[in-house]
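Take a look at the letters that make up each chain.
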Amino acid sequence: MPASNEIDTPRGPARIDSDLPVRPATALLVLGHGAGGSVDAPDLLAVRDASVAAGLAVVRVTQPYRVAGRRAPAPAGHLDEAWTAVLAELRDRHTDVPVVVGGRSSGARVACRTARAVGAVGVVALAFPLHPPGRPERSRAAELGTGLPTLVVNGDRDPFGTPAPGPAVQVVSRPGETHDLRRDPAGTAAAVRDWLSAQGWAAN
């Protein structure tokens, strides 16, 4: 069972659920949830399981607005502020391993926007919402431009679109999947595990 506790942030308490591997961790993977969702989304749980089995410590972060029982997301600046505060505490607790940040949808955007500021070495973006449905002119592709190794895993039927690969951005398109990535969570998790291994952050 994961260990669950709260971390105070300027936007209220955030909840963290931590899962540790049986051996010393090779890296720390911190994951955020979608706008109206939870850290128990099928893709997040599958990625957690695969990553812990591959030797990483995994922490899933519930934003303060969700801890407070609200579904409507907080403004982007508030999300980033709370996430940055949580990451500062987690880095103090895990001082000897590289930190990889990520999440699904809104959580992926937060991870991208703050990756450099929190000292991350890479980003895992699940169901990155490239644009609002039907509004491709409102692209959020610039958020992926962290310069850090980044993995995007999106469904090929996602109405929010799928980003194009870039110099540091690898994109895996999952066939038949929509924005929730619910059809084959294990396949999504395998893509993440393989990428983590290729980057040297997972045990062989």
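As a reminder, the structure under discussion sits directly above these lines.
Computed from a predicted structure; not experimentally measured.

This paragraph deals with the environment of Pro136. Secondary-structure assignment places Pro136 in the loop between strand 6 (122-126) and strand 7 (150-155). The spatial distance from the C-alpha of Pro136 to the C-alpha of Trp195 is 28 Å, given a sequence separation of 59 residues.

Per the stated rule, a full pass over the model turns up one aromatic pair. Each ring, one from Trp195 and one from Trp201, has its centre 5.6 Å from the other, and the planes form 70°; the classification is edge-to-face. Since its relative accessible area comes to 4%, Trp195 is described here as buried. Residue classification places Trp201 among the buried residues on the basis of a relative accessible area of 10%.

Applying the stated criterion across every chain yields a total of one cavity of 30 Å³ or more. Each pocket or cavity is described by its volume, and for the largest cavity that value is around 60 Å³. Along its surface, the largest cavity is lined by Gly32, His33, Gly34, Gln63, Tyr65, Leu79, Trp83, Ser106, Gly107 and Val110. Within the residue set of the lining of the largest cavity, elements represented by two or more residues are helix 3 (76-93) and helix 4 (106-114).

With mixed pairing, the eight strands of this open sheet are ordered in space as 1-2-4-3-5-6-7-8. The strands lining the two open edges of the sheet, one partner per strand, are strand 1 (3-7) and strand 8 (169-174). Along the sheet, successive strands turn relative to each other by an average axial angle of 20°, direction set aside. Pairing analysis gives five bridges linking strand 3 (residues 28-32) to strand 4 (residues 57-62), with the strands arranged parallel. From the neighbouring strand, Leu29 faces strand 4, where its bridge partner is Val58. On top of the sheet, helix 3 reaches strand 1, strand 2 (14-19), strand 3, strand 4 and strand 5 (99-104); it is set at about 160° to strand 3, its chief contact.

Okay, unusual backbone geometry next. Excluding glycine, a negative phi dihedral is what most residues carry, and trans is how most peptide bonds are arranged. If you check the backbone angles, Ser105 has positive phi at about 55° while not being a glycine. Tracing the backbone through its elements, the reader meets Ser105 in the loop between strand 5 and helix 4. Among the residues examined, Ser105 registers a relative accessible area of 12% and is labelled buried. The backbone of Leu181 sits at a positive phi, close to 50°, despite the residue not being glycine. Mapping Leu181 onto the fold places it in the loop between strand 8 and helix 5 (185-198).

If you look at the biggest cluster of nonpolar residues, it comprises 31 residues, and the most contacted ones within it are Leu28, Val30, Val61, Trp83, Leu90 and Val101. Those elements that place two or more of their residues in this core are strand 2, strand 3, strand 4, helix 3, strand 5, helix 4 and strand 6. The element that contributes the greatest number of residues to this core is helix 3, accounting for five residues. Ignoring anything within four residues of it in the chain, the contact list for Val30 reads Val59, Val61, Trp83, Leu87, Leu90, Val99, Val100, Val101 and Gly102. Formed by 25 residues, the second largest nonpolar core is a distinct cluster that contains Leu44, Ala50, Leu151 and Ala189.

The rules we used
- Residues numbered from 1 in each chain as written.
- Predicted model: local features only at pLDDT ≥ 70, side-chain atom pairs only at ≥ 80, totals over all residues.
- Heavy atoms only, no water.
- Helix = DSSP H or I, 4+ residues; strand = E, 2+ residues; numbered from the N terminus.
- Phe/Tyr/Trp six-rings, centres within 6.5 Å; stacked < 30°, edge-to-face > 60°.
- Buried < 20%, exposed > 50% of the residue type's maximum accessible area, 1.4 Å probe, protein only.
- 1 Å grid on protein atoms, 1.4 Å probe; cavity = no way out; pocket = protein on both sides within 12 Å on 5 of 7 lines; lining within 4 Å.
- Points joined across faces, edges and corners; volume = space filled by probe spheres on them.
- Pairing = 2+ DSSP bridges.
- Axes fitted to C-alpha atoms, helices over the stretch in contact; angles between N-to-C directions.
- Contact = heavy atoms within 4.5 Å.
- Core = buried A, V, L, I, M, F, W, Y, C linked by side-chain atoms within 4.5 Å.

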